[in-house]
Each structure stands twice: as structure tokens, then as C-alpha cells.
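Structural features, examined
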Amino acid sequence: MTNSVLRNKTISTRVTEEVSDRAKANLAKEGLTVSEYVRLALIKAANNEVELVNFLDTPEALAAKKEVENGQVERIGDLDDLKAWVNRIDGNTKK
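This structure is a prediction, so every number in the text was calculated from the model and none was measured.

1. Some details on the overall build of the protein chain
From N to C terminus, the protein chain includes 4 helices and 0 strands. When its helices and strands are written in sequence order, the protein chain yields α-α-α-α. Taking 2.2 N^0.38 as the reference for a compact globule, 95 residues should give roughly 12 Å; the C-alpha atoms of the protein chain span a radius of gyration of 23 Å, well beyond that estimate. A total accessible area of about 9500 Å² is found for the protein chain, and carbon and sulfur atoms account for 53% of it. Counting 15 positive and 16 negative side-chain charges, the protein chain places the averaged centre of each group 6 Å from the other.

2. Here's the deal with the environment of L62
Secondary-structure assignment places L62 in helix α3 (residues 59–69). Using a relative accessible area of 43% as the deciding quantity, one classes L62 as partly exposed. Not counting residues up to four positions away in its chain, the partners in contact with L62 are L56 and D57.

3. Regarding the pattern of salt bridges
Tallied over the full model, the rule gives 3 salt bridges. With its nearest N and O atoms 2.8 Å apart, the salt bridge here joins E18 to R22. Of this pair, E18 and R22 both sit in helix α1 (residues 17–29), 4 residues apart, which is roughly one turn of that helix. With relative accessibility at 47%, the residue R22 sits in the partly exposed group.

4. Considerations on unusual backbone geometry
Even without being a glycine, N48 presents a positive backbone phi close to 55°. Examined against the element boundaries, N48 turns out to sit in the loop between α2 (34–46) and α3. Residue classification places N48 among the exposed residues on the basis of a relative accessible area of 69%.

5. As for α1
The first and last C-alpha atoms of α1 sit 19 Å apart over 13 residues, in line with the 18 Å expected at 1.5 Å per residue. After α1 finishes, the residue G31 shows a positive phi value of roughly 80°.

6. Considerations on the environment of R88
As for its position among the elements, R88 is in helix α4 (residues 79–89). Exposure remark for R88: the relative accessible area of 52% places this residue in the exposed category. The sequence separation of R88 and S12 amounts to 76 residues, and the corresponding C-alpha distance is 44 Å.

Parameters at a glance
Residues numbered from 1 in each chain as written. Predicted model: local features only at pLDDT ≥ 70, side-chain atom pairs only at ≥ 80, totals over all residues. Heavy atoms only, no water. Helix = DSSP H or I, 4+ residues; strand = E, 2+ residues; numbered from the N terminus. Rg over C-alpha atoms; globule rule 2.2 N^0.38 Å. Areas by Shrake-Rupley, 256 points an atom, 1.4 Å probe, with all protein chains shown as cover. Lys, Arg positive; Asp, Glu negative; His and termini not counted. Charge placed at Lys NZ, Arg CZ, Asp CG, Glu CD. Buried < 20%, exposed > 50% of the residue type's maximum accessible area, 1.4 Å probe, protein only. Contact = heavy atoms within 4.5 Å. Salt bridge = Lys/Arg side-chain N within 4 Å of Asp/Glu carboxyl O. Expected span 1.5 Å × (residues − 1).

Take a look at the structure:
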């Protein structure tokens, strides 16, 4: 039997405290720690099992693209017009 030494690699990243706290809370609901989740994610990446999401291929994005191609868009104008339009769709009357 061959004795092999398993060497671990430490990987670190930076996120805001808010993101860290929310991630810990959500992962705890699933019975995972951040470290366990990252380890699982890296194993999936190492095994080429990661499926990246292309947000431009979502049904919403494709529907929006079709609206633009069919001329079903509202012209906004300048930045002030954009702000007024956003406020209008948010139901906010402030400019």
C-alpha cells in the first residue's frame, strides 16, 4: 500500500459582510457551511459540471429582443425623460 499525502489548498475571496451573512444564513437552511458549499462548487467546476447561465438567453430577454426587432418599444429621450419614465412605471410621481 502506498502512503500518499493529501495536501489541501486554501482559497480566499472577499465579499461584503452583508453578502457573507446572507449566504451563511441561506446555506445553513440547507445544512451547509460556506466552506462546504465552495468545496462542492469547486468540485463541480473541476469535473466540468458547471452550467453557466447566459441571461441573454432567458425567455424574458428573448421576448424583449423580439419586441425591439418588431418596433414594439417606447422611445425615452434624454436622461430626464428616462427618470420620469422610470418613476412613472414605479408608480412614483417624484422626478
